[in-house]
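# Topology and contacts: notes
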Amino acid sequence: MSSPPVNVSTLADMKAAGEPIACLTAYDASFARLVDEAGTDLVLVGDSLGMVVQGRDTTVPVTVDDMVYHTQLVSRGLRRAFLVADMPFMSYRNPNQALDSAVRLMQEGGAMMVKLEGAAGQVRIVEHLTQHDIPVCAHLGLRPQSVHKIGGFKVQGRNDNDAQRMLDDALALQGAGADVLLLECVPNEVGATIRDTVSVPVIGIGAGPGVDGQILVLYDVLGVTQGRLPRFVKNYMAEADSLAEACAAYVAAVKNRSYPGAEHCFS
Ligand code: KIV
(Lines give C-alpha, C1' and ligand atoms only; values in the text may rest on other atoms or scores of the structure.)
Protein backbone atom coordinates (compact mmCIF):
# COMPACT_ATOMS: atom_id res chain seq x y z
CA MET A 1 0.00 0.00 0.00
CA SER A 2 1.43 3.42 -0.88
CA SER A 3 2.02 5.92 1.96
CA PRO A 4 -0.11 9.07 2.07
CA PRO A 5 1.40 12.40 0.97
CA VAL A 6 3.53 14.16 3.57
CA ASN A 7 2.10 17.40 4.92
CA VAL A 8 3.09 19.90 7.57
CA SER A 9 1.44 17.80 10.32
CA THR A 10 3.34 14.70 9.18
CA LEU A 11 6.60 16.59 9.69
CA ALA A 12 5.54 17.70 13.19
CA ASP A 13 4.50 14.12 14.03
CA MET A 14 7.86 12.80 12.81
CA LYS A 15 9.67 15.21 15.14
CA ALA A 16 7.45 14.12 18.04
CA ALA A 17 8.04 10.44 17.25
CA GLY A 18 11.81 10.91 16.82
CA GLU A 19 11.67 9.69 13.21
CA PRO A 20 14.39 11.41 11.14
CA ILE A 21 13.05 13.47 8.20
CA ALA A 22 14.91 12.70 4.96
CA CYS A 23 15.09 15.68 2.58
CA LEU A 24 16.74 16.37 -0.78
CA THR A 25 16.71 19.14 -3.33
CA ALA A 26 15.36 18.64 -6.87
CA TYR A 27 15.01 20.94 -9.85
CA ASP A 28 13.05 19.01 -12.49
CA ALA A 29 10.32 16.40 -12.87
CA SER A 30 12.51 13.36 -13.63
CA PHE A 31 14.75 13.82 -10.61
CA ALA A 32 11.73 14.73 -8.47
CA ARG A 33 10.17 11.35 -9.36
CA LEU A 34 13.45 9.60 -8.54
CA VAL A 35 13.82 11.15 -5.08
CA ASP A 36 10.11 10.71 -4.33
CA GLU A 37 10.28 7.00 -5.18
CA ALA A 38 13.38 6.69 -2.96
CA GLY A 39 11.22 7.66 0.04
CA THR A 40 12.35 11.27 0.50
CA ASP A 41 9.93 13.00 2.89
CA LEU A 42 10.56 16.61 1.84
CA VAL A 43 11.82 17.95 -1.49
CA LEU A 44 13.22 21.46 -1.69
CA VAL A 45 13.44 23.41 -4.93
CA GLY A 46 16.47 25.28 -3.65
CA ASP A 47 17.85 28.48 -5.06
CA SER A 48 21.03 26.36 -5.14
CA LEU A 49 19.74 25.80 -8.69
CA GLY A 50 21.55 29.03 -9.49
CA MET A 51 24.83 27.23 -8.80
CA VAL A 52 24.19 23.59 -9.75
CA VAL A 53 21.82 24.10 -12.72
CA GLN A 54 22.66 27.60 -14.01
CA GLY A 55 26.40 27.40 -13.29
CA ARG A 56 26.64 30.63 -11.32
CA ASP A 57 29.04 31.25 -8.39
CA THR A 58 26.31 32.15 -5.88
CA THR A 59 22.51 31.98 -5.47
CA VAL A 60 22.18 35.78 -5.66
CA PRO A 61 21.15 36.07 -9.37
CA VAL A 62 18.24 33.59 -9.06
CA THR A 63 14.83 35.19 -9.75
CA VAL A 64 11.24 34.44 -8.72
CA ASP A 65 10.54 33.44 -12.35
CA ASP A 66 13.37 30.87 -12.18
CA MET A 67 11.98 29.48 -8.91
CA VAL A 68 8.39 29.32 -10.19
CA TYR A 69 9.51 27.50 -13.35
CA HIS A 70 11.58 24.85 -11.52
CA THR A 71 8.94 24.42 -8.80
CA GLN A 72 6.35 23.66 -11.51
CA LEU A 73 8.66 21.00 -12.99
CA VAL A 74 9.32 19.38 -9.62
CA SER A 75 5.66 19.41 -8.57
CA ARG A 76 4.83 17.29 -11.64
CA GLY A 77 7.24 14.56 -10.50
CA LEU A 78 6.14 14.24 -6.86
CA ARG A 79 3.54 11.87 -5.45
CA ARG A 80 4.30 11.64 -1.72
CA ALA A 81 7.02 14.13 -0.72
CA PHE A 82 6.25 17.57 0.72
CA LEU A 83 7.26 20.33 -1.70
CA VAL A 84 9.10 23.41 -0.41
CA ALA A 85 10.33 26.23 -2.67
CA ASP A 86 12.97 28.84 -1.90
CA MET A 87 12.17 32.55 -1.97
CA PRO A 88 15.16 33.93 -3.91
CA PHE A 89 17.38 36.90 -3.05
CA MET A 90 15.45 40.18 -2.62
CA SER A 91 12.06 38.59 -3.26
CA TYR A 92 10.95 39.28 0.36
CA ARG A 93 12.19 42.82 1.02
CA ASN A 94 8.90 43.82 2.65
CA PRO A 95 5.76 41.94 3.76
CA ASN A 96 3.70 42.69 0.62
CA GLN A 97 6.46 41.73 -1.79
CA ALA A 98 7.05 38.54 0.23
CA LEU A 99 3.37 37.68 0.02
CA ASP A 100 3.35 38.25 -3.78
CA SER A 101 6.44 36.03 -4.21
CA ALA A 102 5.02 33.29 -1.97
CA VAL A 103 1.66 33.35 -3.77
CA ARG A 104 3.42 32.85 -7.12
CA LEU A 105 5.46 29.93 -5.76
CA MET A 106 2.32 28.27 -4.39
CA GLN A 107 -0.27 29.13 -7.06
CA GLU A 108 1.87 28.89 -10.19
CA GLY A 109 4.61 26.59 -8.91
CA GLY A 110 2.63 24.20 -6.71
CA ALA A 111 4.81 24.67 -3.59
CA MET A 112 3.29 23.65 -0.25
CA MET A 113 5.68 25.78 1.83
CA VAL A 114 8.13 28.58 1.09
CA LYS A 115 11.61 28.91 2.57
CA LEU A 116 13.32 32.20 3.27
CA GLU A 117 16.71 32.99 4.72
CA GLY A 118 15.94 34.77 7.93
CA ALA A 119 17.15 36.17 11.18
CA ALA A 120 15.39 38.57 13.55
CA GLY A 121 14.97 41.03 10.63
CA GLN A 122 12.57 38.64 8.88
CA VAL A 123 10.15 38.21 11.81
CA ARG A 124 7.56 40.65 10.40
CA ILE A 125 7.80 38.97 6.99
CA VAL A 126 7.15 35.53 8.52
CA GLU A 127 4.28 36.99 10.58
CA HIS A 128 2.70 38.47 7.44
CA LEU A 129 2.97 35.19 5.51
CA THR A 130 1.61 33.26 8.49
CA GLN A 131 -1.37 35.63 8.78
CA HIS A 132 -2.19 34.58 5.21
CA ASP A 133 -1.81 30.86 6.03
CA ILE A 134 1.36 30.46 4.00
CA PRO A 135 3.52 27.72 5.56
CA VAL A 136 7.08 28.96 6.12
CA CYS A 137 10.49 27.37 6.61
CA ALA A 138 13.05 29.81 8.05
CA HIS A 139 16.69 29.18 7.04
CA LEU A 140 19.27 30.10 9.72
CA GLY A 141 23.01 29.64 10.19
CA LEU A 142 24.92 30.04 6.94
CA ARG A 143 22.60 32.02 4.67
CA PRO A 144 24.02 31.76 1.15
CA GLN A 145 22.04 34.80 -0.10
CA SER A 146 24.17 36.86 2.34
CA VAL A 147 27.47 35.42 1.11
CA HIS A 148 28.83 38.81 0.00
CA LYS A 149 28.02 40.36 3.39
CA ILE A 150 29.41 37.41 5.40
CA GLY A 151 32.55 37.21 3.23
CA GLY A 152 32.27 33.59 2.05
CA PHE A 153 30.56 30.30 2.80
CA LYS A 154 31.58 29.96 6.46
CA VAL A 155 30.47 27.94 9.49
CA GLN A 156 28.18 30.08 11.70
CA GLY A 157 27.52 30.13 15.46
CA ARG A 158 31.00 29.13 16.54
CA ASN A 159 31.23 31.57 19.46
CA ASP A 160 28.82 31.84 22.37
CA ASN A 161 27.36 35.21 21.34
CA ASP A 162 26.63 34.08 17.78
CA ALA A 163 25.18 30.78 18.99
CA GLN A 164 22.92 32.59 21.48
CA ARG A 165 21.78 35.07 18.79
CA MET A 166 20.91 32.18 16.48
CA LEU A 167 18.90 30.49 19.22
CA ASP A 168 17.07 33.78 19.93
CA ASP A 169 16.38 34.19 16.19
CA ALA A 170 15.07 30.62 15.98
CA LEU A 171 12.65 31.28 18.84
CA ALA A 172 11.56 34.61 17.33
CA LEU A 173 10.92 33.04 13.91
CA GLN A 174 9.01 30.17 15.49
CA GLY A 175 7.02 32.74 17.48
CA ALA A 176 6.25 34.58 14.22
CA GLY A 177 4.74 31.38 12.83
CA ALA A 178 7.55 29.48 11.06
CA ASP A 179 6.49 25.83 10.76
CA VAL A 180 9.98 24.43 10.05
CA LEU A 181 13.52 25.70 10.63
CA LEU A 182 16.52 24.86 8.48
CA LEU A 183 20.03 25.20 9.89
CA GLU A 184 23.05 25.33 7.60
CA CYS A 185 26.70 24.91 8.62
CA VAL A 186 26.63 25.17 12.39
CA PRO A 187 28.48 23.21 15.08
CA ASN A 188 26.74 20.01 16.27
CA GLU A 189 26.05 21.54 19.68
CA VAL A 190 24.26 24.56 18.19
CA GLY A 191 22.11 22.29 16.00
CA ALA A 192 21.15 20.05 18.90
CA THR A 193 20.42 22.97 21.27
CA ILE A 194 18.13 24.70 18.77
CA ARG A 195 16.41 21.39 17.99
CA ASP A 196 15.80 20.73 21.70
CA THR A 197 14.58 24.29 22.39
CA VAL A 198 12.06 24.85 19.60
CA SER A 199 8.92 22.80 19.07
CA VAL A 200 8.92 22.86 15.24
CA PRO A 201 10.97 20.41 13.15
CA VAL A 202 14.59 21.43 12.52
CA ILE A 203 16.23 20.24 9.29
CA GLY A 204 20.02 20.42 9.08
CA ILE A 205 22.64 20.66 6.38
CA GLY A 206 26.01 20.50 8.07
CA ALA A 207 24.24 20.95 11.44
CA GLY A 208 25.19 17.58 12.95
CA PRO A 209 23.19 14.53 13.97
CA GLY A 210 21.16 16.20 16.74
CA VAL A 211 18.49 17.77 14.50
CA ASP A 212 15.15 16.33 13.32
CA GLY A 213 16.09 15.79 9.68
CA GLN A 214 18.84 16.12 7.10
CA ILE A 215 18.95 17.72 3.67
CA LEU A 216 21.57 17.65 0.93
CA VAL A 217 21.79 19.08 -2.57
CA LEU A 218 20.84 16.24 -4.94
CA TYR A 219 23.76 16.81 -7.32
CA ASP A 220 26.19 16.44 -4.37
CA VAL A 221 24.55 13.14 -3.32
CA LEU A 222 24.82 11.88 -6.92
CA GLY A 223 28.46 12.92 -7.31
CA VAL A 224 27.67 15.39 -10.11
CA THR A 225 29.07 18.50 -8.41
CA GLN A 226 32.71 19.17 -9.25
CA GLY A 227 35.43 20.99 -7.32
CA ARG A 228 35.90 21.46 -3.59
CA LEU A 229 32.82 20.27 -1.72
CA PRO A 230 31.61 21.25 1.76
CA ARG A 231 32.56 18.89 4.59
CA PHE A 232 28.96 17.73 5.10
CA VAL A 233 28.61 16.34 1.55
CA LYS A 234 28.54 12.58 0.97
CA ASN A 235 28.53 11.13 -2.54
CA TYR A 236 26.16 8.13 -2.38
CA MET A 237 26.80 7.32 -6.06
CA ALA A 238 30.30 6.15 -5.14
CA GLU A 239 28.87 2.87 -3.82
CA ALA A 240 25.67 2.58 -5.85
CA ASP A 241 24.87 0.97 -9.22
CA SER A 242 22.11 3.41 -10.14
CA LEU A 243 20.76 6.87 -9.34
CA ALA A 244 17.75 5.27 -7.65
CA GLU A 245 20.00 3.11 -5.45
CA ALA A 246 22.11 6.15 -4.44
CA CYS A 247 19.00 8.15 -3.42
CA ALA A 248 17.59 5.17 -1.50
CA ALA A 249 20.93 4.70 0.30
CA TYR A 250 20.90 8.37 1.36
CA VAL A 251 17.31 8.12 2.66
CA ALA A 252 18.17 4.89 4.55
CA ALA A 253 21.29 6.49 6.07
CA VAL A 254 19.26 9.48 7.33
CA LYS A 255 16.57 7.19 8.73
CA ASN A 256 19.05 4.89 10.53
CA ARG A 257 21.16 7.91 11.59
CA SER A 258 24.37 6.66 9.99
CA TYR A 259 24.44 9.99 8.07
CA PRO A 260 25.88 12.42 9.09
CA GLY A 261 29.04 10.79 10.40
CA ALA A 262 31.62 12.64 12.49
CA GLU A 263 33.53 13.48 9.30
CA HIS A 264 30.52 15.49 8.01
CA CYS A 265 30.15 17.64 11.14
CA PHE A 266 31.48 20.92 12.54
CA SER A 267 32.56 21.63 16.12
O1 KIV B 1 19.14 26.24 -1.92
C2 KIV B 1 19.28 25.15 -1.35
O3 KIV B 1 19.45 24.10 -1.98
C4 KIV B 1 19.25 25.13 0.10
C5 KIV B 1 19.82 23.92 0.74
C6 KIV B 1 21.29 24.03 0.75
C7 KIV B 1 19.26 23.68 2.07
O8 KIV B 1 18.85 26.07 0.72
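Our subject is the structure listed above.
Presented here is an overview of the structure given in this document. Because the structure is predicted, anything quoted here is derived from the model rather than measured.

### Remarks on the nonpolar core
Counting residues in hydrophobic clusters, the biggest one holds 90 residues, and the most contacted among them are Met87, Leu129, Leu181, Leu183, Ile194 and Tyr250. If we ignore the near neighbours within four places in the chain, the residues touching methionine 87 are Tyr92, Ala98, Ser101, Ala102, Leu105, Val114, Lys115, Leu116, Leu129 and Gln145.

### What about the sheet that holds strand 5 (residues 136–141)?
Taken in spatial order, the eight strands of this closed barrel run 1-2-3-4-5-6-7-8, and their pairing is parallel. The average angle at which neighbouring strand axes cross in this sheet is 25°, direction not considered. With four bridges connecting them, strand 2 (residues 42–45) and strand 3 (residues 82–86) associate as parallel partners. In the strand pairing of strand 3, leucine 42 is matched with phenylalanine 82. Contacts from helix 6 (residues 123–131) reach strand 4 (113–117) and strand 5 within the one sheet, and its direction differs from that of strand 4 by about 170°.

### With respect to the side chain of lysine 15
Within the secondary structure, lysine 15 sits in helix 1 (residues 8–17). When neighbours within four sequence positions are excluded, lysine 15 is seen to be in contact with Arg195, Val198, Ser199, Val200, Pro201, Val202 and Asp212.

### Points about the site of the ligand
Close to the ligand lie Thr25, Leu44, Gly46, Asp47, Ser48, Asp86, Lys115, His139, Leu182, Ile205 and Ile215, which account for all nearby residues. A distance of 3.1 Å is found between an oxygen atom of the ligand and a side-chain nitrogen or oxygen belonging to aspartate 86. Within the side chain of lysine 115, an N or O atom sits 2.8 Å from an oxygen atom of the ligand. Taken by itself the ligand offers 260 Å² of open surface, and the protein chains cover 94% of this. Using a 2 Å cut-off from the grid points, one finds that the ligand occupies the largest pocket. Residue composition of the shell around the ligand, grouped by class: four nonpolar, four polar and three charged.

### A look at the packing of helix 8 (residues 160–176) against helix 9 (residues 188–197)
Here helix 8 crosses helix 9 at 30°, and the two axes come no closer than 10 Å. By the angle between their directions, the pair helix 8 and helix 9 is classed as roughly parallel. In this structure, helix 8 crosses over helix 9, and the sense of that crossing is right-handed. Across the interface between the two elements, Ala163, Met166, Leu167, Ala170 and Leu171 of helix 8 pack against Val190, Thr193, Ile194 and Thr197 of helix 9. Residue composition of the contact of helix 8 with helix 9, by class: seven nonpolar, two polar and no charged.

Here is what the cut-offs are and how they apply
- Residues numbered from 1 in each chain as written.
- Predicted model: local features only at pLDDT ≥ 70, side-chain atom pairs only at ≥ 80, totals over all residues.
- Heavy atoms only, no water.
- Core = buried A, V, L, I, M, F, W, Y, C linked by side-chain atoms within 4.5 Å.
- Buried < 20%, exposed > 50% of the residue type's maximum accessible area, 1.4 Å probe, protein only.
- Contact = heavy atoms within 4.5 Å.
- Pairing = 2+ DSSP bridges.
- Helix = DSSP H or I, 4+ residues; strand = E, 2+ residues; numbered from the N terminus.
- Axes fitted to C-alpha atoms, helices over the stretch in contact; angles between N-to-C directions.
- Near = heavy atom within 4 Å.
- Polar contact = N/O pair within 3.5 Å; in protein donor to acceptor, adjacent residues only side chain to side chain.
- Areas by Shrake-Rupley, 256 points an atom, 1.4 Å probe, with all protein chains shown as cover.
- 1 Å grid on protein atoms, 1.4 Å probe; cavity = no way out; pocket = protein on both sides within 12 Å on 5 of 7 lines; lining within 4 Å.
- Sits in = over half its atoms within 2 Å of the grid points.
- Nonpolar A, V, L, I, M, F, W, Y, C, P; charged D, E, K, R; others polar.
- Parallel < 35°, antiparallel > 145°, perpendicular 65-115°, else oblique.
- Left-handed = near helix turned anticlockwise from the far one by under 90°.

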